[in-house]
Structures are given as C-alpha cells and as structure tokens.
Amino acid sequence: MPIDIWTRLKPWRAIRCPFCFERFRAYEMHMRCQSSICRADYSRGIPDPILDRATQGARAGKSARGSTIPRPWWTDPRRDKSRGIFRFLDYFILPRSVICAKCERPVDTRLCPRCHAILPESVVKLAAGHVAILGPQSVGKTTFITVLIHECDHKIGPEHGFVLDPLTDEIRERYESHYHSFTYGGVSGGGGEPSGYAAAPRRISHMGTPGVDTNPEILKPLVFRLMRRGEGRITGTLLSFFDSAGEDWEMNVDRLRSEALYIKHARGILFLLDPLRIRAVMSDPRIRLTEKERHVASADYLDDARKLATFFPDQTDKPTRTPLAICLNKLDRWGKLMEPGSAIHTWACSVPSRPADRELDATIDREVRKSLERWGAAGFLEYVAVKFPNHRFFVCSALGDAAQERDDAPQPLPTPLLVDRPLLWLLQRQGVLRD
Ligand SMILES: Nc1nc2c(ncn2[C@@H]2O[C@H](COP(=O)(O)OP(=O)(O)OP(=O)(O)O)[C@@H](O)[C@H]2O)c(=O)[nH]1
Ligand SMILES: [Mg+2]
Ligand SMILES: [Zn+2]
Ligand SMILES: [Zn+2]
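Residues numbered from 1 in each chain as written. Chains lettered and ligands numbered in written order. Predicted model: local features only at pLDDT ≥ 70, side-chain atom pairs only at ≥ 80, totals over all residues. Heavy atoms only, no water.

Colleague: Could you give me a rundown of the coordination of the zinc ion (ligand 4), with the residues and numbers involved?
Modeller: The coordination sphere of the zinc ion (ligand 4), as far as protein atoms go, consists of Cys33 (SG), Cys38 (SG), Cys100 (SG) and Cys103 (SG), spread over 2.2 to 2.3 Å. Coordination at the zinc ion (ligand 4) is tetrahedral, judged from the four donor atoms that bind it and the angles of 104 to 116 degrees they form at the metal. Each donor residue of the zinc ion (ligand 4) lies on one chain, and together they are spaced C-x4-C-x61-C-x2-C. Taken as a pair, Cys33 in the loop between strand 3 (30–32) and helix 2 (36–40) and Cys100 in the loop between strand 5 (98–99) and strand 6 (106–107) lie far apart in primary sequence, 67 residues in all. (Donors = N, O, S within 2.8 Å, 3.2 Å for Na, K, Ca; no water. Tetrahedral: all angles 85-135°; square planar, octahedral: opposite > 155°, others 65-115°. Helix = DSSP H or I, 4+ residues; strand = E, 2+ residues; numbered from the N terminus.)

Next up, the structure:
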C-alpha cells in the first residue's frame, strides 16, 4: 500500500498493530511482495517464521521436518543489505518501496514486524481501539460480538454519529461467514418454498467456538475502521474485536496466556458472565433451566477473576489499569428475579419509558453489585475492586425476546437489550468516543 509523503516523513511515529496489539515504530515495519508472480509461484517463496508463529501459534515449524510453508518474499528494510546505505535513511524518511529480490518488482505492502499481518495505509495513520471479549464457555461471547457489530451498523453507530467499516475484504468475509450469517442470515432456501415466496431470514445458534489448538484463527481479531463526521473531514480510529473460546478459558489457559498476547496489551476487556451458572440463581424456583443448563457445573467467578489477573504478570503487586466491563448476559432469562421497580427488572420485563443513559449505567452497576452480594459473590466483588479498579458492571441480552429454550427450535432474529452500554463505556475509556 503506498503511503503518502507526510506519513513517510514520520518514521518514529508509534503504531499499534490492530491484529496483535504490539506497539512499534513506523521504521520497524517489514515489507512483503504482493506481485501475482510471487504469490502464485511457491518456488520463489521464502520461510516466514513470524507469520507461521502468528497463524499457527507456538507449534509453528514443529511439523515433520521442521519445515515451514514458503511465503512470498518479504524483508526487514533496515536490514536489507541490497539497499546499500539507503537503508539507514529509513530513520528519517520511510522508503516509498523496495525491490523484490525474487521478481524484481517494486514492493510497497507493509507488515507488522511482530505478527506479519498486512497493514493497510489507515493503520499507519490511525489510533487503535480495542475490545477483547472473554468469558467461560456458553456465556454468549460469539453471539454477543455478532449482535454488537450488527447493532453498530444499524443503531448504535447512527445514534452516536459513527460508522464501522471492515478493514479488509478478508475481515468482511470472515464476519459474514463465521458470525453474521448464523445470527441474521441463513435464509431457509433449500427449494421447499413455493416460487415467489421470500424466505424469512433464520437464526442458527453458534456452535461452541473451538480453542486455539484446533482453531488458531480465533486469535485473529475482526478489525473495523470507525469513522465519525469531523469538522470538514472524516476522522477515524481502528477498532478490533477479539472473540475467544470458552474452552481455552476453562481448560487451556496456559496456552491462551502464551498465544493471546492481545489480552496482555488490551485497551479494553469485556468479560461476559452468565448468572444462570451462579448456584443461587440456578436453584431459584422461578428459573426453569434447560436440559443443557442443568448439566453444566456452577461457575466460580472469583476463580475467573484470578485467572484474568494472571494475564497481566507485570502487575502482580499493583492494580491493573485496563478498563474492564463485566457484563451479566442473558438478561432475558434472569431479569425477572430482580426486585420489581428496580432498573434491571424494568428493562428485562417491560418497555422502558426513556432511553438508556449514563445515569442508568450507574444505577445498574449498583444493582448488580447488590445482587452479586446476595448471590454469594462478595469475594469476587472484592477481588475485582482490588485488582481491576477501573471496572464497571453491566447487564445485557444479546438475543432479547428472541432467545429460545431449545437450540433446535425455530430461532427468531435477535432483539438485543443494552448491548451497546459496555461498548460505549469501553470506547469512552479509550478516548475513541467522547464522554
Ligand atoms: N437466553 C439467551 N441465550 C443466549 C444469549 N446469547 C447467547 N445465548 C445462547 O447461549 C448459547 C451459547 O452462545 P455462544 O454465543 O455460542 O457462547 P460462547 O460464549 O461463544 O461459547 P464458547 O464459544 O463455547 O465459549 C447458545 O445456545 C446461544 O443461543 C442471550 O442473550 N440470551
Ligand atoms: Mg463462541
Ligand atoms: Zn501485529
Ligand atoms: Zn516478488
């Protein structure tokens, strides 16, 4: 991607990769040949241990003979001796392009030096915001992320004056095929309907997200460009959403810690909880658990908070400053347990008279704390207060009234409740949106 002269004149500019969230200076960026010759012809490829590690995790290169897949030619321009003394000028002005040693064409595609993701021009220019979504299995992370991005397009964005654009075609396609088409899209089709009948969109529940061992792709975020109307021009930020597999969180946390470095570098964490896994809620006679829910063990959220703290090893003796939104999901199921007249009960069981605002956020935060205490989670509350002082509690339902007891029943489209509140809070904390 050619970058303009003004950007090239700032080689010391700090950049945060929206894919791995490492920080580096602009002059550290690597470059890769994207010519059709080099991309099509494997015999011209060279090893790329940085990309192997980013896409296959720590197992990269440990295949039968330690071989790696050949990749199109790439270089670290400052160390590319073929450029002679010009390479030392990179500290004053970034090169417009370098010459591919394999096909001899000019190369201007830049890569993150840490994960070798291709960095479009906007990455070099814009600040990067960040929402990492974590939580145990089946709390609704994948559904939440799908609904949240959909709502950003149709409701949250228009209400707050921004639009989201997928950063690359690959991201647009990945969101569509892995997320959106399940929750909003899969039209029934199949030829069963009479001709002329417009098939209604049908939701399918997401399957449990496989962990990094079988699905290294889960480490790749969905990166969007968030654009606002500015004074006379469009201003913007990058925004990366990271989904994660509850399977890793519950059973493979060592691996998650070593592979998902984006958590350590996180600028905002959204931790989802499912109150239906709290013993006191599970045993409340007003709740009818589904067959699946009856068979899951109750959660230990204090243990989860401890686990989360281990992702920030540099901060063992001081609190973590990273903003942490803790969101009690599936409000459609447990909201009726709250006291009638409380904000949470009102939002869960009726049509509220006024839109959500910061006052409501503060009330909900207080009500959640009281409920968690009542449900025997005082230890969790205290731990979070000590280790993550920059936190706030939220409630939401990604599916709203559309939630069904059985995954094999017809699934109406989501009617989400309060999913925007934790996102807006996290974006305000990161300076992406104004308070
Ligand atoms: N009642 C209700 N159910 C929900 C909601 N969101 C998700 N679910 C259901 O919860 C189950 C798990 O949802 P997922 O989005 O796959 O959960 P996950 O956290 O991504 O699970 P893993 O990928 O295994 O970690 C599915 O059956 C969803 O239909 C909600 O807002 N309300
Ligand atoms: Mg999932
Ligand atoms: Zn990177
Ligand atoms: Zn080439």
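Colleague: Please provide a residue-by-residue account of the pairing of strand 9 (residues 162–166), values included.
Modeller: Of the two faces of strand 9, only one is covered, namely that formed by Phe162, Leu164 and Pro166; the face formed by Val163 and Asp165 stays uncovered. In this sheet, strand 10 (residues 222–229) lies alongside strand 9 in antiparallel orientation, the contact comprising five bridges. Residue pairing for strand 10: Val163 is matched across the bridge by Met227. (Buried < 20%, exposed > 50% of the residue type's maximum accessible area, 1.4 Å probe, protein only. Pairing = 2+ DSSP bridges.)

Colleague: Before we move on, could you go through the coordination of the magnesium ion (ligand 2) and cite the residues and values that matter?
Modeller: Of the protein atoms, only Thr142 (OG1) and Thr209 (OG1) coordinate the magnesium ion (ligand 2), at distances of 2.0 Å. With Thr142 in helix 5 (residues 141–160) and Thr209 in the loop between helix 6 (169–185) and strand 10, the pair connects residues that are 67 residues apart, well separated along the chain. Relative accessible area serves as the criterion here: at 11%, Thr142 is assigned to the buried category.

Colleague: Please set out the side chain of Asp274 residue by residue, giving values where relevant.
Modeller: If you trace the backbone, Asp274 turns up in the loop between strand 12 (269–273) and helix 10 (279–282). Reaching out from Asp274, the side chain makes a polar contact with the side chain of Lys330 at a distance of 3.4 Å. Sequence-distant contacts of Asp274, defined by excluding residues within four places in its chain, comprise Ser138, Val139, Tyr301 and Lys330. (Polar contact = N/O pair within 3.5 Å; in protein donor to acceptor, adjacent residues only side chain to side chain. Contact = heavy atoms within 4.5 Å.)

Colleague: Lay out the state of the cysteines in plain terms, naming residues and giving numbers.
Modeller: Per the stated rule, a full pass over the model turns up zero disulfides. Looking at Cys349, it has no disulfide partner, and the nearest cysteine sulfur is the one in Cys396, 15 Å off. Take Cys349: its relative accessible area is 44%, and that puts it in the partly exposed class. (Disulfide = S-S within 2.5 Å.)

Colleague: Give me the packing of aromatic side chains: which residues, what numbers.
Modeller: Taken as a whole and judged by the stated rule, the model has 15 aromatic pairs. For the ring pair Trp12 and Tyr27, a centre distance of 4.9 Å and an interplane angle of 70 degrees mean the geometry is edge-to-face. Taken as a pair, Trp12 in the loop between helix 1 (5–8) and strand 1 (14–16) and Tyr27 in the loop between strand 2 (23–25) and strand 3 lie far apart in primary sequence, 15 residues in all. Residue Trp12 is classed as partly exposed on the basis of its relative accessible area, which comes to 47%. With 6.0 Å between their ring centres and 85 degrees between their planes, Trp334 and Trp375 make a pair best called edge-to-face. A residue pair is termed long-range when its members are at least 10 positions apart, and Trp334 in helix 13 (residues 331–334) and Trp375 in the loop between helix 15 (358–374) and helix 16 (378–387) qualify at 41 residues. Taken as a pair, Trp334 and Trp375 share a single burial class, namely buried. Over the ring of Phe311 we find Arg257, and its NZ or CZ is 5.6 Å from the ring centre. (Phe/Tyr/Trp six-rings, centres within 6.5 Å; stacked < 30°, edge-to-face > 60°. Lys NZ or Arg CZ within 6 Å of the ring centre and 35° of its normal.)

Colleague: Could you give me a rundown of a nonpolar patch on the surface, with the residues and numbers involved?
Modeller: Together, Ile5, Trp6 and Leu9 line one region of the surface with nonpolar side chains, adding up to about 350 Å² of accessible area. Position of Trp6 relative to the elements: it lies in helix 1. Note on Trp6: relative accessible area 63%, which makes it exposed. (Patch = residues over 30% accessible without salt bridge, like charges linked within 9 Å, V, L, I, M, F, W, Y side chains within 5 Å. Areas by Shrake-Rupley, 256 points an atom, 1.4 Å probe, with all protein chains shown as cover. Salt bridge = Lys/Arg side-chain N within 4 Å of Asp/Glu carboxyl O.)

Colleague: So what about the side chain of Ser342? Which residues, and what values?
Modeller: Its location among the elements puts Ser342 in the loop between helix 13 and helix 14 (343–349). A residue is classified by how much of its surface remains accessible, and Ser342, at 14% relative accessible area, is buried. Reaching out from Ser342, the side chain makes a polar contact with the backbone oxygen of Glu339 at a distance of 2.7 Å.

Colleague: Let's hear about the environment of Glu173: which residues, and what values?
Modeller: Considering the arrangement of structural elements, one finds Glu173 in helix 6. Look at Glu173 and you get exposed, because its relative accessible area is 54%. With 215 residues separating them in the primary sequence, Glu173 and Phe388 have C-alpha atoms 35 Å apart.

Colleague: How would you summarise the nonpolar core if you had to cite specific residues and measurements?
Modeller: Counting 110 residues, the largest nonpolar core has Phe241, Trp334 and Phe380 as its most contacted members. Top element by residues in this core is helix 5. It accounts for seven residues. Mapped onto the domain boundaries, this core takes at least three residues apiece from domain 1 (5–124) and domain 2 (128–429). Excluding residues that lie within four positions of it along the chain, Phe380 makes contacts with Leu273, Tyr301, Leu302, Ala305, Ile326, Leu372 and Phe393. Membership of the second largest hydrophobic core comes to eleven residues, among which are Met31, Cys38, Ile46 and Trp74. (Core = buried A, V, L, I, M, F, W, Y, C linked by side-chain atoms within 4.5 Å. Domains from an automatic or database assignment.)

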